[in-house]
Amino acid sequence: MREQVSAAVSWHWTTAVRLLRMTPPWVLAVPLLGAIVIVALNTLPWVAPYLTKDSAEIISPIILAVGVVVAGWLAATRPAPYYKWLAVFALCLFLRELHFRTTNTGFYIAIVVLLWWASHARDRLEPFFSNRTIVTLLMAVLWTYAVSKTFDRHLWDGLMTGSLSRDLFEENLEILGHLLFVVLVMVSGAIGIASPTASRET
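Cut-offs and rules
Each chain carries its own residue numbering, running from 1 in the written order of its sequence. Local features in this predicted model are restricted to residues whose pLDDT is 70 or higher, and side-chain atom pairs enter the listing and the counts only when it is 80 or higher, whereas totals over whole chains, interfaces and linings include all residues. As a convention, hydrogens and water are excluded, and side-chain values are obtained from all of the structure's heavy atoms. Whenever a carboxyl oxygen of Asp or Glu lies within 4 Å of a side-chain nitrogen of Lys or Arg, that contact is scored as a salt bridge. Only DSSP runs of H or I covering at least 4 residues are called helices, and only runs of E covering at least 2 are called strands; the numbering of each starts at the N terminus. Residues with no salt bridge and a relative accessible area higher than 30% make up the patches, which join like charges within 9 Å and nonpolar side chains (Val, Leu, Ile, Met, Phe, Trp, Tyr) within 5 Å. Exposure was quantified through the Shrake-Rupley algorithm and a 1.4 Å probe, taking into account, for residues, occlusion by the shown protein chains and nothing else. Using a 1.4 Å probe on the protein chains alone, a residue whose accessible area is under 20% of its type maximum counts as buried, one over 50% counts as exposed, and one in between counts as partly exposed. What a helix should span is 1.5 Å times the count of its residues minus one. Contact between two residues is taken to exist if any of their heavy atoms lie within 4.5 Å; hydrogens are not considered. For helices, the axis comes from a line fit to the C-alpha atoms of the stretch in contact; other axes are also lines fit to C-alpha atoms, and the angle between any two N-to-C directions lies between 0 and 180 degrees. Here the angle decides the label: under 35 degrees means roughly parallel, over 145 means roughly antiparallel, 65 to 115 means roughly perpendicular, and every other value means oblique. Should the near helix be turned anticlockwise from the far one by less than a right angle, the crossing is termed left-handed; should it be turned clockwise, right-handed. Amino acids are sorted into nonpolar (Ala, Val, Leu, Ile, Met, Phe, Trp, Tyr, Cys and Pro), charged (Asp, Glu, Lys and Arg) and polar (every other residue, Gly among them). Among buried residues, those of type Ala, Val, Leu, Ile, Met, Phe, Trp, Tyr and Cys that are joined through side-chain atoms within 4.5 Å constitute a nonpolar core.

1. Concerning the pattern of salt bridges
Pairing of side chains with opposite charge becomes possible as their charged atoms draw close.
Item 1. Enumeration over the complete set of coordinates arrives at 11 salt bridges.
Item 2. Notably, a salt bridge pairs lysine 53 with glutamate 171, separated by 2.9 Å at the nearest N-O pair. Of this pair, lysine 53 sits in helix H3 (residues 53-77) while glutamate 171 sits in helix H7 (residues 166-190), and the two are 118 residues apart along the sequence.
Item 3. The salt bridge involving lysine 149 is made with aspartate 152; its shortest N-O contact spans 3.1 Å. With lysine 149 and aspartate 152 both in helix H6 (residues 132-152) and 3 residues apart, the pair spans about one turn of that helix.
Item 4. Ionic contacts of the salt-bridge type, sharing partners, join the residues Lys149, Asp152, Arg153, Arg166, Asp167 and Glu170 into one network.

Structure (structure tokens):
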């Protein structure tokens, strides 16, 4: 039992290290750049009203609906398991934005399961998980979502002055994450690589 646990930990650690090594350092700056743009837009009287939490709750599901439709179409028309995984990921994000009673907690459980399975079955997700563009976009999505949640945890409340608020950054950084996810879906569909299974079938 101990050996199995050790082997599993080693496997997932190797996956994490590999993905991090493929991720360019500038990905860390994506949420910061997003926050700077949010501050700039918030100073514009004709834009600021659309940066509210109420507006975000309308915009976010619309953006993710595009991701769900495109990812679902890719999953239905292409044999690679990666596209099925991406479609489930898109559906989880979309359901979370509907704000049903259990979707928030369910999302965090789902994301852990999705990432665990992606690592566990990483060979089945090749060559997509060896593609630097896809890995970069995926890591940018995950990192942007992670940073947005730090505002939800009140870690930056001391910096909120004037018209700046926790919701302003949390909601709009989430929208940035959603947009990056849709780009990930689009790029995954457009990129010229095929899974080993598909290659053998042709």
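Alright, that's what it looks like, and here's the rest.
2. Section: a nonpolar patch on the surface
Item 1. A contiguous nonpolar surface patch, about 340 Å² in accessible area, is contributed by Met1, Val5 and Val9.
Item 2. As for its placement among the helices and strands, valine 9 is situated in helix H1 (residues 2-22).
Item 3. Taking the relative accessible area as the measure of exposure, valine 9 reaches 53% and is therefore exposed.

3. Looking at helix H4 (residues 81-97)
Note on helix geometry: an α-helix contains 3.6 residues per turn, so any two residues three or four positions apart are oriented the same way.
Item 1. Taking 1.5 Å per residue, 17 residues should reach 24 Å; H4 reaches 25 Å between its end C-alpha atoms and fits that length.
Item 2. Summarising burial for H4: 12 of the 17 residues are buried, a large majority.
Item 3. Listed as buried for H4 are Pro81, Tyr82, Tyr83, Trp85, Leu86, Ala87, Phe89, Ala90, Cys92, Leu93, Arg96 and Glu97.
Item 4. Of the residues flanking the end of H4, it is histidine 99, one or two places downstream, whose phi is positive at about 60°.

4. Considerations on H3
Item 1. Taking 1.5 Å per residue as the helical rise, H3 with its 25 residues ought to reach 36 Å, and the 36 Å between its terminal C-alpha atoms agrees with that figure.
Item 2. Those residues of H3 that sit buried are Ser55, Ala56, Ser60, Pro61, Ile63, Leu64, Gly67, Ala71, Leu74 and Ala75.
Item 3. The inward-facing, buried residues of H3 contact H4, H6 and H7.

5. Describing the environment of aspartate 167
Item 1. Residue position: aspartate 167 is located in helix H7.
Item 2. For the pair aspartate 167 and leucine 95, spaced 72 residues apart in sequence, the C-alpha to C-alpha distance is 20 Å.

6. Description of the packing of H4 against H7
Item 1. In the contact formed by H4 and H7, the axes pass within 11 Å of each other and the chain directions differ by 155°. The angle between H4 and H7 places the two elements in the roughly antiparallel class. When the axes of H4 and H7 are compared, the crossing they make is left-handed. Along the contact surface, H4 presents Tyr82, Tyr83, Leu86, Phe89, Ala90, Leu93, Arg96 and Glu97, while H7 presents Glu174, His178, Phe181, Leu184, Val185, Ser188 and Gly189.
Item 2. By residue class, the composition of the contact of H4 with H7 is 9 nonpolar, 3 polar and 3 charged.

7. Section: the nonpolar core
A general tendency of soluble globular proteins is for nonpolar side chains to be buried together.
Item 1. Core analysis: the largest hydrophobic core is formed by 35 residues, its most contacted members being Tyr82, Trp85, Phe89, Phe181 and Leu184.
Item 2. Listing elements by their share of this core, those giving two or more residues are H3, H4, helix H5 (103-120), H6 and H7.
Item 3. Here this core takes 9 residues from H4, the largest share from any one element.
Item 4. Contact partners of tyrosine 82, with chain neighbours within four places excluded, come to Leu125, Phe128, Phe129, Ile134, Leu184 and Ser188.
Item 5. Within the second largest apolar cluster, 9 residues are counted, among which are Val47, Phe151, Leu168 and Phe169.

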